[in-house]
Amino acid sequence: MIELDNVAYSYSGGALLAGMSLQLAPGSFHFLTGPSGAGKTTFLKLCYGALRPTGGALRLFGSDIAAMDRDAVALMRRRVGVVHQDCQFLDHLPVADNIALPLTVSGQASPDQGANLRELMTWVGLSDRAGALPPELSGGERQRAALARALILSPEVILADEPTGNVDWEMSQRLLRLLIELNRMGKTVLIATHDMALIRAAKAQVSARVLRIAGGTLQTAGAEL
Amino acid sequence: MSALLIRFGGLFTRDAAADRVVPPEGFTVRLTVFTAAAMAFLTVFALALSLAAGRLATTWGQELALASTLRISAPAGQQEAQTEAALRVLSQTPGVASARALTDEEQKALLEPWFGPGLPIESLPVPRLIEIVETEDGFDGEGLRLRLQAEVPGAVLDEHTRWRRPLVAAASRLRLLGWVSIALIGAATGAMVTLAANAALAANRKVIEVLRLVGATDGYIAGAFVRRFTLRTFTGAAAGMLAGMLAILFMPGGGEAGGFLTGLRFQSWHWLLPLLVPPLAALVAYAATRIAARRVLESLT
């Protein structure tokens, strides 16, 4: 689904990532960890085409990103659900409209979407918050709304960047359960986090591979987890 | 061009729900509507000016073409004889289709705008005027002048074509100036909409990031802004056009005594021309916003 072959990324200040090789197989569950500033977010952005590698080859769903124009990347992104730490909503639209946004922009909005939307909002526990504006939501509600938005197009891959960064332990466990449930439905999940307790809790429930970015390279984390 | 027009037409049929992704408020709303209204108002006036100048050029050209005047300024006792002599010379001049002396009543009517009615023209040393109509080929003005000098010493030939040409040229230039003004107003509208669109796009950078995150193509994002600015411009231009047409409508009509300024009103089907202003302004806004959006989206990559 997502294949990195010796991928490097550098910016004007210097090299950030180098020699990264990885294959995200369908239905797999991955954690990506590493210290702050190690490049976890950059890695995720490479995985959904928000950034283009400066070296190596990156294939998204079998297509080389180097050969894709911006519109092709946008279309590919509909197959990837992204959950950001800061969630990123359109603050002038109610939560329900924000969650339905991928349907709107992809031209898939339809009169019968209401039932699916309500079902999804109930699943993430936001059925009573449909009309609220994003600034009115708590941290946990925002994360769940972001997750619901990431799922509305039924993507094959879920990429989550510190999804539990702004929520308490109980809420982080709830989010983790949702992500594990999605993985059991066959979705590929990659979660970037520095929360080791979360990783340990997940490994008790699901077979997850833990990757670590250190010194600009990607390593498989050891048995210490 | 046809593809552009098809896309432009699509603005009015596309699902308006998609527009909601861009926040509705902002100073650019008022700026765009006001600018479009002001520009449309000015366009209607420039159009009226241009059409009026065109009419003036045509009228002057038609009225003065192939016409000349001979003025007989002779002592009271000789005027009648010199008039007859002049008419005789004119009847023998090749290129003169007809010539006739104006009557006292006609001369009085010509002087009335300056001296008022009841002018005792008989008691005043007013020169006699002879109206000459030329053939298509015209006459030899210099030859006629020399002959008149010899035979009718009090005659002064006034060839209208001599002073008609610069007047017609001036009116034509004025008409051109009107069209240039319309073009400049269109360009200024485009520039203003571009500035407003750039400001809106910059202010909505976060919105663009979110839309990209959820898989919106550049065309979709640009379309949301383009549709908004196009419709705002159309609305403003329609208001400005109506105001301009009302202003023109309430200007005094050009009567017989009317001058150039009082003849600014549109005539007959020309009243339909201002209706083109809103769609043309919207087309300018569409192109300007589309180019601006593409440029900004490219820079945000």
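Residues numbered from 1 in each chain as written. Chains lettered and ligands numbered in written order. Predicted model: local features only at pLDDT ≥ 70, side-chain atom pairs only at ≥ 80, totals over all residues. Heavy atoms only, no water.

(A) Region of interest: the domain arrangement of chain A. Residues and elements named next belong to chain A. For chain A, the assigned domains read domain 1 (1–79 + 156–225) and domain 2 (93–154). Computed over C-alpha atoms only, the centres of domain 1 and domain 2 are separated by 23 Å. On the domain 2 side, the residues contacting the 16 residues of domain 1 number 13 residues. Carbon and sulfur atoms make up 66% of the area that domain 1 and domain 2 hide from each other, which totals about 1,200 Å². Our count for the domain 1 to domain 2 interface comes out at 0 salt bridges. Inspection of the region where domain 1 meets domain 2 yields 2 residue pairs in polar contact (both at pLDDT 80 or more). Examining the composition of the side of domain 1 that touches domain 2, we find that 7 residues originate from one element, helix 7 (residues 169–184), more than from any other. (Domains from an automatic or database assignment. Contact = heavy atoms within 4.5 Å. Buried area = accessible area lost by both parts, 1.4 Å probe. Salt bridge = Lys/Arg side-chain N within 4 Å of Asp/Glu carboxyl O. Polar contact = N/O pair within 3.5 Å; in protein donor to acceptor, adjacent residues only side chain to side chain. Helix = DSSP H or I, 4+ residues; strand = E, 2+ residues; numbered from the N terminus.)

(B) The interface of chain B and chain A, seen in detail. Listed per partner, the contact involves 23 residues of chain B and 22 residues of chain A. Interface of chain B and chain A: buried area, both sides summed, is about 1,900 Å²; carbon and sulfur atoms make up 59% of it. Its largest share of buried area at the contact with chain A, chain B owes to Arg20(B), Leu213(B) and Val214(B), together 33% of the area lost on that side. For the interface between chain B and chain A, the tally reads 4 salt bridges.

(C) Fine view of the side chain of Thr164(A). Counting through the fold element by element, Thr164(A) comes out in the loop between strand 7 (157–161) and helix 7. Non-local contacts of Thr164(A), meaning those with residues more than four positions away in its chain, are made with Ser172(A), Leu175(A), Thr193(A), Asp195(A) and Leu198(A).

(D) A look at the environment of Glu105(B). Examined against the element boundaries, Glu105(B) turns out to sit in helix 4 (residues 104–115). Counting along the chain gives 16 residues from Glu105(B) to Ile121(B), while the straight-line C-alpha distance between them is 8.9 Å.

(E) Representation of the confidence of the model for chain A. The pLDDT averaged across chain A works out to 87; a share of 97% of its residues lies at or above 70. Element-level mean pLDDT values for chain A span from 81 in helix 5 (residues 113–123) of chain A up to 93 in strand 8 (residues 188–192) of chain A. (pLDDT = per-residue confidence, 0-100.)

(F) Region of interest: the packing of helix 7 (residues 205–213) of chain B against helix 8 (residues 218–249) of chain B. Residues and elements named next belong to chain B. At a minimum axis separation of 10 Å, helix 7 and helix 8 run at an interaxial angle of 145 degrees. Between helix 7 and helix 8 lies a crossing whose hand is right-handed. When helix 7 is examined against helix 8, the residues Ile208, Leu211 and Arg212 are found in contact with a partner set consisting of Asp218, Ile221 and Phe225. Tallied by class, the residues present in the contact of helix 7 with helix 8 amount to 4 nonpolar, no polar and 2 charged. (Axes fitted to C-alpha atoms, helices over the stretch in contact; angles between N-to-C directions. Left-handed = near helix turned anticlockwise from the far one by under 90°. Nonpolar A, V, L, I, M, F, W, Y, C, P; charged D, E, K, R; others polar.)

(G) Examining the pairing of strand 1 (residues 67–72) of chain B more closely. All names here are of chain B. The buried fraction of strand 1 is high, at 5 of 6 residues. Alignment of strand 1 against strand 3 (residues 128–134), held across 6 bridges, turns out to be antiparallel. Bridging across to strand 3, Ser68 finds its partner in Ile132. One ladder, built from 5 bridges, connects strand 1 with strand 4 (residues 155–159); its direction is antiparallel. Each bridged residue has a counterpart across the sheet, and for Ser68 the counterpart in strand 4 is Glu159. (Buried < 20%, exposed > 50% of the residue type's maximum accessible area, 1.4 Å probe, protein only. Pairing = 2+ DSSP bridges.)

(H) Inspection of the packing of aromatic side chains at higher detail. Residue and element names in this part refer to chain B. Per the counting criterion, the structure on display carries 3 aromatic pairs over all chains. Judged by centre distance (5.2 Å) and plane angle (45 degrees), the ring pair of Phe41 and Phe45 falls under tilted. Here the residue Phe41 and the residue Phe45 both occupy positions in helix 2 (residues 27–64), the gap between them amounting to 4 residues, near one helical turn. By relative accessible area, Phe41 is classed as partly exposed at 29%. For the pair Phe266 and Trp271, a centre-to-centre distance of 5.2 Å together with 70 degrees between the ring planes defines the contact as edge-to-face. (Phe/Tyr/Trp six-rings, centres within 6.5 Å; stacked < 30°, edge-to-face > 60°.)

(I) Broad picture of the pattern of salt bridges. Using the criterion set out here, one finds 14 salt bridges over all chains in the structure. Put simply, Asp218(B) and Arg70(A) hold a salt bridge, and the shortest N to O gap is 2.5 Å. On the criterion of chain membership, the pair formed by Asp218(B) in helix 8 and Arg70(A) in helix 2 (residues 70–77) is interchain, its members lying in two chains. In this structure, Lys206(B) engages Asp91(A) in a salt bridge whose closest nitrogen and oxygen atoms are separated by 3.3 Å. Separated into two different chains, Lys206(B) in helix 7 and Asp91(A) in the loop between strand 6 (80–83) and helix 3 (95–99) make up a pair that spans both. Residue class for Asp91(A) comes out partly exposed when judged on its relative accessible area of 34%. Look at the salt bridges and you will find they share partners, linking Arg70(A), Arg212(B), Asp218(B) and Glu298(B) into a network.

(J) Just unusual backbone geometry, in detail. Residue and element names in this part refer to chain A. The phi dihedral of Asn6 falls on the positive side, at around 55 degrees, and the residue is not glycine. Relative to the assigned elements, Asn6 resides in strand 1 (residues 2–11). With a phi angle near 55 degrees, Ser154 is a residue other than glycine that sits in the positive phi range. Inspection of the secondary structure puts Ser154 in the loop between helix 6 (139–151) and strand 7.

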